[in-house]
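Coordinate analysis (summary)
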Amino acid sequence: MKPEIQLAVFASGNGSNAQNLITFFEGSRIKIALILSENPNARVLQRATLFQVPSVIFSMSELQNGQVLQQLKGYGINYIVLAGFLKLIPASMVQSYQQRIINIHPALLPKFGGKGMYGSNVHKAVFNAHETETGITIHYVNEYYDKGAIILQKQVALTPDDTPESIAAKISELEMKYFPESILQTIEKHNS
Ligand code: GAR
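Being a predicted model, the structure only gives us computed values, none of them experimental.

Details of helix α6 (residues 120-128)
Taken together, the buried positions of α6 are occupied by V122, H123 and V126. For α6, the angular spread of the buried residues around the axis is 95°, confining them to a single face. At the exit of α6 stands H130, carrying a positive phi of roughly 50°.

What about the layout of surface pockets?
Approximately 650 Å³ is the volume attributed to the largest pocket. Taken together, 38 residues make up the lining of the largest pocket; nearest its centre are A83, G84, F85, Y118 and G119. Elements supplying a minimum of two residues to the lining of the largest pocket: α1 (16-25), β5 (101-105), α6 and α7 (164-191). With four residues, α7 is the single largest residue contributor to the lining of the largest pocket. Taken together, the residues of the lining of the largest pocket sort by class into 17 nonpolar, 17 polar and four charged.

Topic: the pairing of β5
On a regular strand, each side chain points to the face opposite its neighbour's, so the side chains alternate between the two faces of the sheet. β5 sits mainly inside the fold: five of its five residues count as buried. Going residue by residue along β5, you find I101, N103 and H105 tucked away on one face and I102 and I104 tucked away on the opposite face as well. For strand β4 (residues 79-82) and β5, the ladder comprises three bridges, and the chain directions are parallel. Residue V81 lies in a different strand from β5, and its bridge partner there is I102. Handedness of the crossover is the feature at issue here: the chain leaves β4, passes through helix α5 (residues 91-96), returns alongside β5, and the resulting connection is right-handed. Taken together, the four bridges between β5 and strand β6 (residues 133-140) define a ladder with antiparallel strand orientation.

Section: the sheet that holds strand β3 (residues 55-57)
Ordered by their spatial adjacency, seven strands build an open sheet running β3-β2-β1-β4-β5-β6-β7, and the pairing between neighbours is mixed. The sheet terminates laterally at β3 and β7 (150-157), the two strands that pair on one side only. Averaged over neighbouring strand pairs, the angle between their axes works out to 20° when direction is ignored. Both β6 and β7 contribute to a ladder of seven bridges, which runs antiparallel. The residue of β7 that forms the bridge with G135 is Q155. Helix-sheet contacts for helix α2 (residues 43-50) involve β2 (30-37) and β3, and the interaxial angle to β2 is about 140°.

Rules used in this analysis
Residues numbered from 1 in each chain as written. Predicted model: local features only at pLDDT ≥ 70, side-chain atom pairs only at ≥ 80, totals over all residues. Heavy atoms only, no water. Buried < 20%, exposed > 50% of the residue type's maximum accessible area, 1.4 Å probe, protein only. Helix = DSSP H or I, 4+ residues; strand = E, 2+ residues; numbered from the N terminus. Arc of directions from axis to C-beta. 1 Å grid on protein atoms, 1.4 Å probe; cavity = no way out; pocket = protein on both sides within 12 Å on 5 of 7 lines; lining within 4 Å. Points joined across faces, edges and corners; volume = space filled by probe spheres on them. Nonpolar A, V, L, I, M, F, W, Y, C, P; charged D, E, K, R; others polar. Pairing = 2+ DSSP bridges. Right-handed = clockwise from strand over helix to strand, strands pointing away. Axes fitted to C-alpha atoms, helices over the stretch in contact; angles between N-to-C directions. Contact = heavy atoms within 4.5 Å.

Here you go:
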């Protein structure tokens, strides 16, 4: 039997994507082995407890000084998934996990990306720009916000009736449907 592949999920808030990944990969060769957050109040931590996934709360200095990287190595983590993670991944972690850190962004990059473009800020920006479509971008992570190579984009049409809230709902639907499968395919491609 092929060895298990250990995934760590970084999330700063709600954690609906993290939970979706936990349930999607349950019972498979790919395991969500660790949930990490810099936000002690993040709902994702409650979800981790509920699904009995170990979790780690870290400080920004621990992220930047390599302690978090050491923990990932200690857990034998092979891939990192950013699922609603607010902060920049330090260069040392990017180098240790080249092409093995995957982020989801709730818009069609390169539009509506960069620092501060997170969650509802993105949906409001899309709404204010009167876009006729939006979507999700799944991409590799490099040292810059939202600049890594794109793995997959999926579009959804917007109508004049859409609001930032309805845009968020459309995006969530795409994320639930495509993110786990895209991670699976990416990992299988590397390990085939
Ligand atoms: C998701 O929509 C994700 O695409 C977005 O944050 C949300 C987290 O929701 N990520 C970013 O905006 C990254 N720049 P969740 O915590 O319920 O999974």
